[in-house]
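Report on the structure
So the chains spell out like this:
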Amino acid sequence: MPDQSTPANEVPIPGVPAPQAPSLTEPTEPHDPLPPKPDQDAPETVSPTGVPSGAPKTSNAQSGRYLTTAQGARLQNTDHSLKAGPRGPVLLQDHHLREKITHFDHERIPERVVHARGAAAHGVFVANGAAEGITRAGFLAKDAQTPVFVRFSTVLGSRGSADTVRDTRGFATKFYTDEGTFDLVGNNIPVFFIQDAIKFPDVIHAGKPHPDREIPQAQSAHDTFWDFVSLHTEAQHHTMWNMSDRGIPRSYRTMEGFGVHTFRVVNAKGETSLVKFHWKPRLGVHSLVWEEAQIINGMDPDYHRRDLADAIEAGAYPEWDLGVQVFPDTEEEMFAGIDLLDPTKIVPEELAPVQIIGTMTLNRNTTNYFAETEQVAFHPGHLVPGIDVTNDPLLQGRLFSYIDTQLTRLGGPNFHQIPINRPHAPVNDMLRDGFHQDAVHSGVAPYQPNSLDGGCPFLAGADMGAFIDVPVPVAESRKVRQNPATFDDHYSQPRQFFRSLTPVEQDHVIQAYTFELGKCYEENIKVRQLQALANIDERLCTEVAAGLGLPAPAPTVQPEDTDPSPALRQVGRTWPVDGRIIGILADDSTDLADLERLRTAVDAANMVPLVIAPKGGMLGGQVPVQRTYLTARSTEFDAVIVAGAGEHGPDALDSLDAKAGNPAGHPAIDPRVAILLTEAYRHSKALAAWGSGTAVLAASGIPEEAPGVLMEDVDSLVPRLTELLAQHRVWERFPVAQSA
Ligand code: HDE
């Protein structure tokens, strides 16, 4: 064996210089693989494997110095197949060639049938103890800390589809608790399309691309989707949320999450309550505007994935409070006239306040997308003592589906042994063998009871932390295929949702329906959906019908009028501005001292300053340029500041002179700067300028006196900007808000 520590023995790589330490300027710069994570090791108590501890791991591919085969044999050459002479045929005996290509051939696994596109992160959940009275779940006891893994996703698109499509978002959390894994597999919308799991294949077939040409990708704006939801009117409530700004979140960090179903919790005394779970983002609930979302899909299809990873890498850890709405566990399972088993209904927060029971912080990015984000397997039936399911027929169907889908997706029944899926609680099961069995089980008696393996495993009583199937009575009835009558009202809650929104949010809903139905070809589908809208709200129906050029039908049912729920609004509150991206337009003539003061002030306000200049490198040899006119687009920024001095376009196109594009007397500006500023203006983002920067805003046609346009000196600018961004957008700039 050659001396492993002597580099002189290494095969030199011709033309490849010695590696240099990378200079990190961007948060997305590639970095060395992280060391293996403690939670990726099988806990000692997992079924014993017989592998001596300290044995070399094969899971960390780049851990050693030399390239080897999968069997550990070192290799001298990985670029040339073994051939009978340089011009001869390739030899079948080349094991390295066959191993390398065969493995590559099988690198892809089936994508998730829904929620295929996702992004994930690790974190920790800390309970505040407020739930101790209603559940015995140990991870909800005061100050208990539990590692978590969260995967966010879109529903309809394929794994490579764009992030900012109009869709529901998945919000699935794995709590690795001491009492077993608890999965809260929720969405960013508190209701679902259907009331019974048996319709799930139907709604998904309708939402996915048309089977003949496989278009459109990751869209609901097509005939089959609207055909389904107009025929199954229980879908109207969820669809209304999709058409609202909730369907296009600004970031995963600014999304609420909901468990959707009602769960049953049980405390140490055996008392039960019904609960609905809510995640509340500390940064507030924010969304994109539709045009912005569409532009991003082309400019940066990884927008949400990048945003999450960048924020965590920068140390701006996203946080959510976990809360519960608590309802008495009565025989009817109703609250304020709302059937708690109907997953198309919410209980307004004004009727049942959300009580905070803990906080989750996401503080670690994944190391390997496939190993973690792709292979993680959630299941609504992964429950812990103290939390149980209800008879919600949608939830009951899900309990079957999630294991079943992993059998194909992850290739067999042992997916719980994949590192990301391993519980942190001791596992002592009697599951044996099967594809991809990783454990070397010892003992001879994987059955219970036995007299050979010392009687082990023993059964735990409820007082020893066993899972509790809450013994709720089952009503005496007949076998039927039908819903309870309390599931029949499909219009009151979408009506309440629409009427709870502010005028600008309502306008976005109207525009979204008009866009989506405008993309349908079949008139009878549009007419049927307009009928559903007429039953929800007359103005909504009239305005959408007008946009489609169709008559507005009269309502056929009169839904119940309920009080609006202000908690459903996104507009009207203020939130922290942490992690907001501020674009600063500058060029060679910018006063660099002013620019540096501004950057420092933005940074001190916990926001991210990005300098945009005509070309890359260092501005004036001092200030790093992070975006150029070529790479920047307004959609990346929450606000744009035009730094004083300079005309932002000494090399502006000749065609864009004062006559062609600029108001009289204003300098010619680079058209990309004009697009950036006018887009940001149209999307109601804060804009600011000082000194000669104000002329650039004017040259782009942006009125100085418009709301949310700051003409300040550099020192007073950031506090004013922070106030504007706390409201997320300059809402009064949207046309509807001005006229309302
Ligand atoms: Fe899912 N769902 N679902 N779903 N779901 C899946 O499981 C299913 C439903 C949700 O990031 C699949 O592992 C049925 C509601 C999320 O890995 C599959 C029904 C809610 C994720 C499946 C529903 C969800 C999934 C596909 C109707 C919100 C992504 C891959 C009864 C409360 C989890 C997989 C991740 C994934 C079935 C309805 C949320 C096929 C049959 C309601 C967040 O098993």
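Just so it is clear, the model here is predicted, and its values are computed rather than measured. (Residues numbered from 1 in each chain as written. Predicted model: local features only at pLDDT ≥ 70, side-chain atom pairs only at ≥ 80, totals over all residues. Heavy atoms only, no water.)

Next up on the list: the side chain of R264. You can see R264 is positioned in strand β6 (residues 263-266). In this structure the side chain of R264 is engaged in a polar contact, spanning 3.0 Å, whose partner is the side chain of E333. Those residues within four positions of R264 in sequence are excluded, and the remaining contacts are T272, S273, L274, D329, E333, G386, I387, D388, V389, T390, V470 and V472. (Helix = DSSP H or I, 4+ residues; strand = E, 2+ residues; numbered from the N terminus. Polar contact = N/O pair within 3.5 Å; in protein donor to acceptor, adjacent residues only side chain to side chain. Contact = heavy atoms within 4.5 Å.)

Let's shift gears to the site of the ligand. By nearness alone, 23 residues border the ligand, and R112, R151, S401, Y402 and Q406 come closest of all. In the model, an oxygen atom of the ligand is placed 3.0 Å from a nitrogen or oxygen of the S401 side chain. Within the side chain of Y402, an N or O atom sits 2.7 Å from a nitrogen atom of the ligand. Residues belonging to the shell around the ligand are distributed by class as follows: eleven nonpolar, nine polar and three charged. (Near = heavy atom within 4 Å. Nonpolar A, V, L, I, M, F, W, Y, C, P; charged D, E, K, R; others polar.)

Here the amide bond leading from I215 into P216 is cis, since omega sits at -5 degrees, within 30 degrees of zero. Within the element layout of this structure, P216 appears in the loop between α2 (200-207) and α3 (223-231). Of note, the amide linkage connecting Q448 to P449 takes the cis form, showing an omega dihedral of -5 degrees. Looking at where P449 falls in the secondary structure, it is placed in the loop between α8 (393-409) and α9 (492-500). Phi is positive for A218, close to 55 degrees, though the residue is something other than glycine. Residue placement: A218 occurs in the loop between α2 and α3.

Another point: the coordination of the iron atom of the ligand. Among protein residues, the single donor to the iron atom of the ligand is Y402 (OH), with a metal-donor distance of 1.9 Å. Relative to the assigned elements, Y402 resides in helix α8. (Donors = N, O, S within 2.8 Å, 3.2 Å for Na, K, Ca; no water.)

This part is about the nonpolar core. With 46 residues, the main nonpolar core has W226, Y513, L540 and V544 as its most contacted residues. At the level of secondary structure, the elements contributing two or more residues to this core comprise α2, α3, α4 (236-243), α9, α10 (503-518), α11 (523-536) and α12 (538-548). No other element matches the six residues that α11 contributes to this core. The contacts of Y513, once residues within four sequence positions are left out, are W226, Q236, T239, M240, M243, G518, Q529, L533, L540 and V544. (Core = buried A, V, L, I, M, F, W, Y, C linked by side-chain atoms within 4.5 Å. Buried < 20%, exposed > 50% of the residue type's maximum accessible area, 1.4 Å probe, protein only.)

The UniProt record marks H115 and N187 with the feature "active site" (unreviewed entry), using the residue numbering of this structure. Spanning 73 residues, the named residues nonetheless gather at one spot, since no C-alpha pair among them exceeds 10.5 Å. For H115, the position within the fold is in the loop between α1 (95-105) and β1 (118-127). If we ignore the near neighbours within four places in the chain, the residues touching H115 are R151, S153, T154, V155, G170 and N187. In terms of polar contacts, H115 uses its side chain to reach the side chain of S153, at 2.8 Å. In this fold, N187 is placed in strand β4 (residues 180-187). Of the residues examined, N187 reaches a relative accessible area of 9% and is grouped as buried. If we skip the residues at most four places from it in the chain, N187 touches H115, T168, R169, G170, F171, F192, E256, G257 and F258. (UniProt positions renumbered as here; feature names shortened; annotations may be inferred.)

Strand order in the open sheet made by the six strands is β17-β14-β13-β18-β19-β20, with parallel pairing throughout. Of all strands in the sheet, those bounded by a partner on one side alone are β17 (627-628) and β20 (709-711). Direction of pairing for strand β19 (residues 686-689) relative to β20: parallel, over a ladder of three bridges. Each residue of the ladder has a partner; that of A689, found in β20, is M711. Contacts between helix α14 (residues 671-682) and the sheet are confined to β13 (581-585), β14 (608-613), β18 (639-642), β19 and β20, with β18 contributing the most and set at about 135 degrees to the helix. (Pairing = 2+ DSSP bridges. Axes fitted to C-alpha atoms, helices over the stretch in contact; angles between N-to-C directions.)

A word on the packing of aromatic side chains. Any aromatic ring pair is given by two values, namely how distant the centres are and how the planes are angled relative to each other. Throughout the structure, instances matching the rule amount to 24 aromatic pairs. Note on F139 and F182: the rings are 5.6 Å apart at their centroids and 40 degrees apart in plane angle, and the pair reads as tilted. Highlighted residues: F139 in the loop between β1 and β2 (145-154) and F182 in strand β4, separated in sequence by 43 residues. For the residue pair F139 and F182, the accessibility class agrees, reading buried in each case. Aromatic side chains F193 and F225 sit 5.9 Å apart centroid to centroid with 85 degrees between the ring planes, which places their arrangement in the edge-to-face category. Taken as a pair, F193 in the loop between β4 and α2 and F225 in helix α3 lie far apart in primary sequence, 32 residues in all. (Phe/Tyr/Trp six-rings, centres within 6.5 Å; stacked < 30°, edge-to-face > 60°.)

We now examine the pattern of salt bridges. According to the stated counting rule, one finds 37 salt bridges in the structure shown. Between R250 and D307 there is a salt bridge; the shortest N-O distance is 3.5 Å. With R250 in the loop between α4 and β5 (257-258) and D307 in helix α6 (residues 303-313), this residue pair connects regions lying 57 residues apart in the sequence. Look at D307 and you get buried, because its relative accessible area is 11%. With its nearest N and O atoms 3.4 Å apart, the salt bridge here joins E319 to R282. Pair noted here: E319 is in strand β8 (residues 319-328) and R282 is in the loop between β7 (272-281) and α5 (290-299), with a separation of 37 residues, a long-range link. Note on R282: relative accessible area 38%, which makes it partly exposed. (Salt bridge = Lys/Arg side-chain N within 4 Å of Asp/Glu carboxyl O.)

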